[in-house]
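# Inside the fold
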Amino acid sequence: MTSTIELRNTLTLDYEVGPFISLIVSFNEISNKNDYLNLIETVKEEFIQKHDENIWPRYERKLRRFNFDRAKHIGNGSGVALYVSFKAIHSFNLTQPVKTQISIDDTMNVAQLIKEIESQLHYRVLILRDNDFKLLRVDNGHFSILNLVNKPIPVLVNNDKNKYFMLVKEYLSDLFDDDDYLQTVVVANEENRKLFNELADQKTFAKDIVSKVDMDDLGPDKISEMIDELNQQFFDKLANDNKIKYEKASDHRLVATDLRDIISNALSGKIDTLYISEESYNKTLNDLAITTIGFAGNVLLLPKNQMPMNLDYAAITLKF
């Protein structure tokens, strides 16, 4: 799993020296060690066209020492991102569909990792019925059923649904006492969902995310279908929240749309959120993204139709 913090730590290491090889490896295209070794030869050809052949061995050793084992990585997703500098190599597992790409420049190409971070979803699902409940943990589309001990049972409250749901709420509150950053989606029939939402006062319950899946048929296939539905709602909500955030910042004159202004704010560490259109992504915008992340700002790489005012780039600036 890739995080903004991991990426920021990599981008701000003092000992890093370019040129940098940015290598996105798709497990669908590079599926074994021989494929990977052949890919290194392709990287070499491109590298020595741009840089001194005498420094290539420093990079080659790092690439060959990387333990490329598809079985090791495949459980974590679709591929791996490798960043090789003169002194180090860094790897990030990828979950989104990718194509094998090679980039050699004086900075890392971080587009794929930005999209990877944007795509990550982690939440819980409470499947609630009149007299029973299950709890799922969802991570990037993959779910696991949590093993719950000492669950409340309806007979303790004479099968009173209101009291039973209150016990469930209190049980979950205790269970997530040290893990309250994840949101929980309640999946139930409409009556039970409304009743439980009235009782549950924790902000971690995502009350505006609703599944329409048939509660009478929740086998593995149906659960996967439900998670796809919930994921899309989370992404739609995030896109709408980003739009509202930009509009509010614009009302307070805390946005920049001129590239020179954005660069100036980035170099001063004054960008809260940088928006970049996927269709416009280039070396300049890549370096802007790196600078913004280095100063703990957020970067969103979006389709043009999701960009503020359909711009190629824009930024929310910080008020000091």
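Rules used in this analysis
- Residues numbered from 1 in each chain as written.
- Predicted model: local features only at pLDDT ≥ 70, side-chain atom pairs only at ≥ 80, totals over all residues.
- Heavy atoms only, no water.
- Core = buried A, V, L, I, M, F, W, Y, C linked by side-chain atoms within 4.5 Å.
- Buried < 20%, exposed > 50% of the residue type's maximum accessible area, 1.4 Å probe, protein only.
- Helix = DSSP H or I, 4+ residues; strand = E, 2+ residues; numbered from the N terminus.
- Contact = heavy atoms within 4.5 Å.
- Pairing = 2+ DSSP bridges.
- Axes fitted to C-alpha atoms, helices over the stretch in contact; angles between N-to-C directions.
- Phe/Tyr/Trp six-rings, centres within 6.5 Å; stacked < 30°, edge-to-face > 60°.
- Salt bridge = Lys/Arg side-chain N within 4 Å of Asp/Glu carboxyl O.

## So, the nonpolar core
Membership of the largest hydrophobic core comes to 27 residues, with the highest contact counts inside it found for Ile114, Leu274, Ile276 and Tyr281. Mapped onto this core, the elements with two or more residues apiece are β1 (20-26), β2 (79-84), β3 (89-94), α5 (111-119), α9 (259-267), β10 (271-277), α10 (283-294) and β11 (298-302). Dropping the residues within four chain positions of it, Ile114 is found in contact with Tyr281, Ala289, Ile293, Val299, Leu300 and Leu301.

## A few points about the side chain of Lys169
Structurally, Lys169 is set in helix α6 (residues 161-175). Using a relative accessible area of 12% as the deciding quantity, one classes Lys169 as buried. Setting aside residues up to four positions removed in sequence, Lys169 forms contacts with Phe196, Leu199, Ala200, Asp201 and Gln202.

## As for the sheet that holds strand β5 (residues 122-128)
Strand order in the open sheet formed by 4 strands is β7-β6-β5-β8, with mixed pairing between adjacent strands. What marks the edges here is a single partner per strand, and that holds for β7 (142-145) and β8 (183-187). Strand-to-strand, the axes of this sheet are offset by a mean angle of 25°, without reference to chain direction. Two elements, β5 and strand β6 (residues 133-139), share 7 bridges in a ladder whose sense is antiparallel. Among the inter-strand pairings, Leu128 is bridged to a residue of β6, identified as Phe133.

## Some details on the packing of aromatic side chains
Each aromatic ring pair is described using two quantities: the centre-to-centre distance and the angle formed by the ring planes. Taken as a whole, this structure holds 13 aromatic pairs when the rule is applied. A ring pair is formed by Phe47 and Tyr59, whose centres lie 4.8 Å apart and whose planes are at 45°; its orientation type is tilted. Residue Phe47 is located in helix α2 (residues 33-50), and its partner Tyr59 is located in helix α3 (residues 56-65); the two are separated by 12 residues in the primary sequence. We note that Phe47, like Tyr59, is buried. Ring centres 6.2 Å apart and planes at 75° place the aromatic pair Phe165 and Phe196 in the edge-to-face group. Placement of the pair is Phe165 in helix α6 and Phe196 in helix α7 (residues 190-199), with a sequence separation of 31 residues.

## Let's talk about the pairing of β7
Two strands pair when backbone bridges link them, and β6 and β7 are joined in this way by 4 bridges, in the antiparallel orientation. In the strand pairing of β7, Arg137 is matched with Ser144.

## Focus: the pattern of salt bridges
Scanning all chains against the criterion turns up 14 salt bridges. Here Arg64 and Glu60 are joined by a salt bridge, their closest N and O atoms 3.0 Å apart. Residue Arg64 and its partner Glu60 are both found in helix α3; the two are separated by 4 residues, about one turn of the helix. Residue classification places Arg64 among the partly exposed residues on the basis of a relative accessible area of 37%. For Glu60, a relative accessible area of 18% corresponds to the buried category. Overlapping salt bridges, with partners in common, bring together Glu41, Glu60 and Arg64 in one network.

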